[in-house]
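# Descriptive analysis of the structure
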Amino acid sequence: MLLPWIMLFWKKGIWVKYAGSWIDRRAPISFKLQRYILKNFPKRCKISINGNFENKRQNFHNFINPCFNSENLKKANSVSYSKDFKKKLKLIFVGRLEPKKGLDDIFKLLLSLDNTDRIEDLTIIGESDDYSRYENLGNCLPFKVKILGPLPRKDVFNYFSKSDILLLLSKSEGFPKVVMEAGSYGCVPILSKIPNIEIYIKHGFNGFLLQNESTSNSKLTFQNILLDPKYLKKISIEITEASKLFTFENYLIKVSNRI
(Lines give C-alpha, C1' and ligand atoms only; values in the text may rest on other atoms or scores of the structure.)
Protein backbone atom coordinates (compact mmCIF):
# COMPACT_ATOMS: atom_id res chain seq x y z
CA MET A 1 0.00 0.00 0.00
CA LEU A 2 2.87 2.37 0.72
CA LEU A 3 4.89 1.64 -2.44
CA PRO A 4 2.65 3.53 -4.93
CA TRP A 5 2.71 6.60 -2.67
CA ILE A 6 6.52 6.46 -2.48
CA MET A 7 6.73 5.98 -6.23
CA LEU A 8 4.56 9.02 -6.99
CA PHE A 9 5.45 11.51 -4.28
CA TRP A 10 8.84 10.71 -2.68
CA LYS A 11 11.47 12.86 -4.37
CA LYS A 12 14.55 12.09 -2.24
CA GLY A 13 16.73 9.00 -2.39
CA ILE A 14 15.31 5.93 -0.72
CA TRP A 15 16.26 2.29 -0.18
CA VAL A 16 13.51 -0.36 -0.42
CA LYS A 17 14.30 -3.84 0.85
CA TYR A 18 12.23 -6.61 -0.76
CA ALA A 19 12.34 -9.71 1.47
CA GLY A 20 10.37 -12.32 -0.50
CA SER A 21 11.37 -14.50 -3.43
CA TRP A 22 11.96 -12.41 -6.55
CA ILE A 23 11.22 -15.15 -9.09
CA ASP A 24 8.99 -17.71 -7.36
CA ARG A 25 5.74 -18.05 -9.34
CA ARG A 26 4.05 -19.59 -6.29
CA ALA A 27 4.56 -16.46 -4.18
CA PRO A 28 1.41 -14.83 -2.73
CA ILE A 29 -0.34 -12.22 -4.92
CA SER A 30 0.76 -9.39 -2.60
CA PHE A 31 4.43 -10.26 -3.25
CA LYS A 32 3.83 -10.48 -7.00
CA LEU A 33 2.25 -7.02 -6.91
CA GLN A 34 5.21 -5.62 -4.97
CA ARG A 35 7.62 -7.07 -7.55
CA TYR A 36 5.67 -5.46 -10.40
CA ILE A 37 5.66 -2.04 -8.71
CA LEU A 38 9.36 -2.18 -7.80
CA LYS A 39 10.35 -3.06 -11.37
CA ASN A 40 8.72 0.21 -12.44
CA PHE A 41 10.21 2.37 -9.69
CA PRO A 42 12.34 5.41 -10.65
CA LYS A 43 16.06 4.67 -10.78
CA ARG A 44 16.82 7.07 -7.93
CA CYS A 45 15.37 4.40 -5.63
CA LYS A 46 17.81 1.72 -4.48
CA ILE A 47 16.15 -1.72 -4.25
CA SER A 48 17.74 -4.70 -2.54
CA ILE A 49 16.63 -8.27 -3.25
CA ASN A 50 17.88 -11.79 -2.50
CA GLY A 51 19.79 -12.86 -5.62
CA ASN A 52 21.24 -11.38 -8.82
CA PHE A 53 17.97 -11.40 -10.75
CA GLU A 54 17.99 -7.79 -11.97
CA ASN A 55 21.67 -7.20 -12.76
CA LYS A 56 20.74 -5.21 -15.89
CA ARG A 57 19.05 -2.59 -13.69
CA GLN A 58 21.69 -0.50 -11.94
CA ASN A 59 19.46 0.45 -9.00
CA PHE A 60 18.87 -3.21 -8.00
CA HIS A 61 21.30 -4.78 -5.53
CA ASN A 62 21.74 -8.33 -4.26
CA PHE A 63 21.98 -8.27 -0.46
CA ILE A 64 22.55 -11.28 1.76
CA ASN A 65 20.45 -11.11 4.93
CA PRO A 66 22.80 -10.82 7.95
CA CYS A 67 22.29 -13.37 10.72
CA PHE A 68 24.94 -12.80 13.41
CA ASN A 69 28.08 -10.87 14.27
CA SER A 70 31.57 -12.35 13.99
CA GLU A 71 31.79 -13.09 17.71
CA ASN A 72 28.55 -15.11 17.67
CA LEU A 73 29.72 -16.88 14.52
CA LYS A 74 33.01 -17.93 16.12
CA LYS A 75 31.18 -19.47 19.10
CA ALA A 76 28.73 -21.27 16.83
CA ASN A 77 31.47 -22.65 14.59
CA SER A 78 33.33 -24.14 17.56
CA VAL A 79 30.18 -26.16 18.30
CA SER A 80 29.76 -27.10 14.65
CA TYR A 81 33.17 -28.67 14.22
CA SER A 82 32.62 -30.93 17.25
CA LYS A 83 29.58 -32.70 15.74
CA ASP A 84 30.11 -36.17 14.25
CA PHE A 85 26.55 -37.43 13.46
CA LYS A 86 27.34 -40.97 14.64
CA LYS A 87 24.70 -41.10 17.36
CA LYS A 88 20.96 -40.85 16.86
CA LEU A 89 20.08 -37.62 15.08
CA LYS A 90 18.25 -34.64 16.55
CA LEU A 91 15.98 -32.83 14.09
CA ILE A 92 14.79 -29.23 14.45
CA PHE A 93 12.20 -26.97 12.80
CA VAL A 94 12.10 -23.21 13.48
CA GLY A 95 9.35 -21.05 12.01
CA ARG A 96 5.64 -20.44 12.16
CA LEU A 97 3.73 -23.71 12.65
CA GLU A 98 1.57 -23.71 9.53
CA PRO A 99 1.24 -25.46 6.14
CA LYS A 100 2.91 -22.55 4.27
CA LYS A 101 6.11 -23.16 6.22
CA GLY A 102 5.99 -26.82 5.23
CA LEU A 103 5.45 -28.27 8.70
CA ASP A 104 2.59 -30.46 7.46
CA ASP A 105 4.90 -31.79 4.72
CA ILE A 106 7.58 -32.52 7.32
CA PHE A 107 5.16 -34.65 9.34
CA LYS A 108 3.96 -36.35 6.15
CA LEU A 109 7.56 -37.18 5.24
CA LEU A 110 8.49 -38.46 8.69
CA LEU A 111 5.32 -40.57 8.94
CA SER A 112 6.14 -42.20 5.59
CA LEU A 113 9.59 -43.46 6.65
CA ASP A 114 10.08 -47.21 6.82
CA ASN A 115 12.77 -46.92 9.48
CA THR A 116 13.29 -44.16 12.05
CA ASP A 117 15.97 -45.88 14.16
CA ARG A 118 18.47 -43.13 13.35
CA ILE A 119 16.21 -40.35 14.68
CA GLU A 120 16.41 -39.34 18.35
CA ASP A 121 13.77 -36.59 18.40
CA LEU A 122 12.23 -33.59 16.64
CA THR A 123 12.18 -30.12 18.23
CA ILE A 124 9.65 -27.59 16.88
CA ILE A 125 10.01 -23.89 17.73
CA GLY A 126 7.60 -21.17 16.67
CA GLU A 127 4.17 -19.58 16.95
CA SER A 128 0.94 -21.25 15.86
CA ASP A 129 -2.83 -20.83 15.87
CA ASP A 130 -3.31 -24.58 16.20
CA TYR A 131 -0.76 -26.23 18.50
CA SER A 132 -3.12 -29.12 19.29
CA ARG A 133 -3.19 -30.33 15.68
CA TYR A 134 0.59 -30.51 15.50
CA GLU A 135 0.77 -32.13 18.91
CA ASN A 136 -1.57 -34.84 17.63
CA LEU A 137 0.60 -35.34 14.55
CA GLY A 138 3.67 -35.53 16.76
CA ASN A 139 2.06 -38.25 18.88
CA CYS A 140 1.79 -40.41 15.75
CA LEU A 141 5.57 -40.53 15.28
CA PRO A 142 7.67 -43.31 16.88
CA PHE A 143 10.15 -40.84 18.41
CA LYS A 144 9.80 -37.88 20.75
CA VAL A 145 8.42 -34.61 19.35
CA LYS A 146 8.87 -31.43 21.43
CA ILE A 147 6.72 -28.41 20.51
CA LEU A 148 8.13 -25.45 22.43
CA GLY A 149 6.34 -22.43 20.97
CA PRO A 150 8.21 -19.16 20.35
CA LEU A 151 11.55 -18.75 22.15
CA PRO A 152 14.10 -15.93 22.58
CA ARG A 153 16.87 -15.87 19.98
CA LYS A 154 19.46 -17.00 22.53
CA ASP A 155 17.43 -20.10 23.41
CA VAL A 156 16.86 -20.94 19.73
CA PHE A 157 20.63 -20.85 19.17
CA ASN A 158 21.08 -23.12 22.16
CA TYR A 159 18.83 -25.69 20.48
CA PHE A 160 20.79 -25.34 17.23
CA SER A 161 23.92 -26.29 19.16
CA LYS A 162 22.24 -29.54 20.25
CA SER A 163 20.66 -30.39 16.89
CA ASP A 164 21.98 -32.19 13.81
CA ILE A 165 19.47 -31.49 11.02
CA LEU A 166 17.32 -28.46 10.19
CA LEU A 167 14.04 -29.28 8.42
CA LEU A 168 12.27 -26.51 6.47
CA LEU A 169 9.96 -27.35 3.56
CA SER A 170 8.44 -23.92 2.91
CA LYS A 171 6.10 -23.34 -0.03
CA SER A 172 7.62 -19.91 -0.81
CA GLU A 173 10.51 -17.97 0.79
CA GLY A 174 13.00 -15.21 0.18
CA PHE A 175 16.04 -16.68 1.87
CA PRO A 176 15.17 -17.70 5.45
CA LYS A 177 17.81 -16.54 7.94
CA VAL A 178 17.23 -19.67 10.02
CA VAL A 179 19.11 -21.73 7.40
CA MET A 180 22.43 -20.00 8.03
CA GLU A 181 21.76 -19.44 11.73
CA ALA A 182 21.40 -23.21 12.13
CA GLY A 183 24.16 -23.81 9.58
CA SER A 184 26.66 -21.84 11.66
CA TYR A 185 26.12 -24.51 14.33
CA GLY A 186 26.67 -27.27 11.78
CA CYS A 187 23.01 -28.24 11.39
CA VAL A 188 22.60 -29.90 7.99
CA PRO A 189 19.74 -28.12 6.12
CA ILE A 190 17.09 -30.28 4.46
CA LEU A 191 14.91 -27.81 2.57
CA SER A 192 12.28 -27.50 -0.11
CA LYS A 193 13.52 -26.84 -3.62
CA ILE A 194 12.41 -23.25 -4.22
CA PRO A 195 14.21 -20.60 -6.33
CA ASN A 196 15.79 -18.29 -3.76
CA ILE A 197 17.10 -21.16 -1.61
CA GLU A 198 18.87 -22.72 -4.60
CA ILE A 199 21.10 -19.63 -4.87
CA TYR A 200 22.98 -20.49 -1.69
CA ILE A 201 22.21 -24.17 -1.01
CA LYS A 202 23.57 -26.69 -3.49
CA HIS A 203 21.99 -30.12 -3.25
CA GLY A 204 24.44 -32.70 -1.96
CA PHE A 205 27.16 -30.10 -1.32
CA ASN A 206 26.11 -27.86 1.59
CA GLY A 207 22.56 -29.10 2.11
CA PHE A 208 19.73 -31.09 0.57
CA LEU A 209 16.76 -29.87 -1.49
CA LEU A 210 13.64 -32.03 -1.58
CA GLN A 211 10.87 -31.94 -4.15
CA ASN A 212 7.63 -31.47 -2.19
CA GLU A 213 5.58 -32.82 -5.05
CA SER A 214 7.29 -36.24 -5.02
CA THR A 215 6.82 -37.91 -1.65
CA SER A 216 8.42 -41.22 -2.72
CA ASN A 217 11.59 -39.52 -3.97
CA SER A 218 11.75 -37.29 -0.90
CA LYS A 219 11.33 -40.31 1.36
CA LEU A 220 14.15 -42.24 -0.35
CA THR A 221 16.49 -39.23 -0.36
CA PHE A 222 15.78 -38.49 3.31
CA GLN A 223 16.35 -42.09 4.42
CA ASN A 224 19.65 -42.28 2.56
CA ILE A 225 20.81 -39.01 4.13
CA LEU A 226 20.21 -40.30 7.65
CA LEU A 227 22.24 -43.46 7.12
CA ASP A 228 25.59 -41.85 6.25
CA PRO A 229 27.32 -40.04 9.18
CA LYS A 230 30.46 -39.25 7.14
CA TYR A 231 28.42 -37.60 4.39
CA LEU A 232 26.42 -35.62 6.95
CA LYS A 233 29.65 -34.41 8.51
CA LYS A 234 30.94 -33.27 5.11
CA ILE A 235 27.72 -31.34 4.43
CA SER A 236 27.85 -29.87 7.94
CA ILE A 237 31.34 -28.49 7.34
CA GLU A 238 30.29 -26.95 4.01
CA ILE A 239 27.21 -25.21 5.42
CA THR A 240 29.32 -23.93 8.33
CA GLU A 241 31.77 -22.39 5.85
CA ALA A 242 28.89 -20.87 3.84
CA SER A 243 27.47 -19.27 6.99
CA LYS A 244 30.59 -17.09 7.31
CA LEU A 245 29.27 -14.82 4.55
CA PHE A 246 26.18 -13.93 6.59
CA THR A 247 27.67 -11.67 9.26
CA PHE A 248 26.52 -8.14 10.09
CA GLU A 249 30.09 -6.96 9.46
CA ASN A 250 29.99 -8.19 5.85
CA TYR A 251 26.54 -6.66 5.42
CA LEU A 252 27.65 -3.22 6.65
CA ILE A 253 30.65 -3.24 4.32
CA LYS A 254 28.32 -3.92 1.40
CA VAL A 255 25.92 -1.18 2.53
CA SER A 256 28.82 1.28 2.64
CA ASN A 257 30.03 0.31 -0.83
CA ARG A 258 26.64 0.13 -2.56
CA ILE A 259 24.38 2.65 -0.83
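Residues numbered from 1 in each chain as written. Predicted model: local features only at pLDDT ≥ 70, side-chain atom pairs only at ≥ 80, totals over all residues. Heavy atoms only, no water.

A separate point is the side chain of Asp164. Looking at the secondary structure, you find Asp164 in the loop between helix 6 (153-162) and strand 7 (165-168). The buried charged residue Asp164 lacks any salt bridge partner; its closest oppositely charged side chain belongs to Lys83, at an N-O distance of 5.3 Å. A polar atom in the side chain of Asp164 sits 2.8 Å from the backbone nitrogen of Lys90. Other than its neighbours up to four places away in sequence, Asp164 contacts Lys83, Phe85, Lys88, Leu89, Lys90, Gly186, Cys187 and Val188. (Helix = DSSP H or I, 4+ residues; strand = E, 2+ residues; numbered from the N terminus. Buried < 20%, exposed > 50% of the residue type's maximum accessible area, 1.4 Å probe, protein only. Lys, Arg positive; Asp, Glu negative; His and termini not counted. Salt bridge = Lys/Arg side-chain N within 4 Å of Asp/Glu carboxyl O. Polar contact = N/O pair within 3.5 Å; in protein donor to acceptor, adjacent residues only side chain to side chain. Contact = heavy atoms within 4.5 Å.)

What follows concerns the packing of aromatic side chains. Per the stated rule, a full pass over the model turns up 15 aromatic pairs. Ring geometry for Trp5 and Phe9: centres 6.0 Å apart, planes at 45 degrees, overall tilted. Here the residue Trp5 and the residue Phe9 both occupy positions in helix 1 (residues 2-9), the gap between them amounting to 4 residues, near one helical turn. Look at Phe9 and you get exposed, because its relative accessible area is 53%. By way of ring pairs, the aromatic residues Tyr18, Trp22, Phe31 and Phe60 are connected into one cluster. Sitting over the face of the ring of Tyr159, Lys162 holds its NZ or CZ atom 5.4 Å from the ring centroid. (Phe/Tyr/Trp six-rings, centres within 6.5 Å; stacked < 30°, edge-to-face > 60°. Lys NZ or Arg CZ within 6 Å of the ring centre and 35° of its normal.)

What follows covers unusual backbone geometry. Phi at Phe85 is positive, roughly 65 degrees, even though this residue is not glycine. If you trace the backbone, Phe85 turns up in the loop between helix 3 (70-80) and strand 4 (89-94). Since its relative accessible area comes to 2%, Phe85 is described here as buried.

It is worth spelling out the pairing of strand 5 (residues 119-125) at this point. Where burial is concerned, most of strand 5 is hidden: 6 out of the 7 residues are buried. Relative to strand 5, strand 4 is paired through 6 bridges, and the arrangement is parallel. If you follow Leu89 over to strand 5, its bridge partner there is Ile119. Handedness of the crossover is the feature at issue here: the chain leaves strand 4, passes through helix 4 (residues 103-112), returns alongside strand 5, and the resulting connection is right-handed. With 5 bridges joining them, strand 5 and strand 6 (residues 144-149) adopt parallel strand pairing. Looking at strand 6, one finds that Leu122 is bridged to Val145. (Pairing = 2+ DSSP bridges. Right-handed = clockwise from strand over helix to strand, strands pointing away.)

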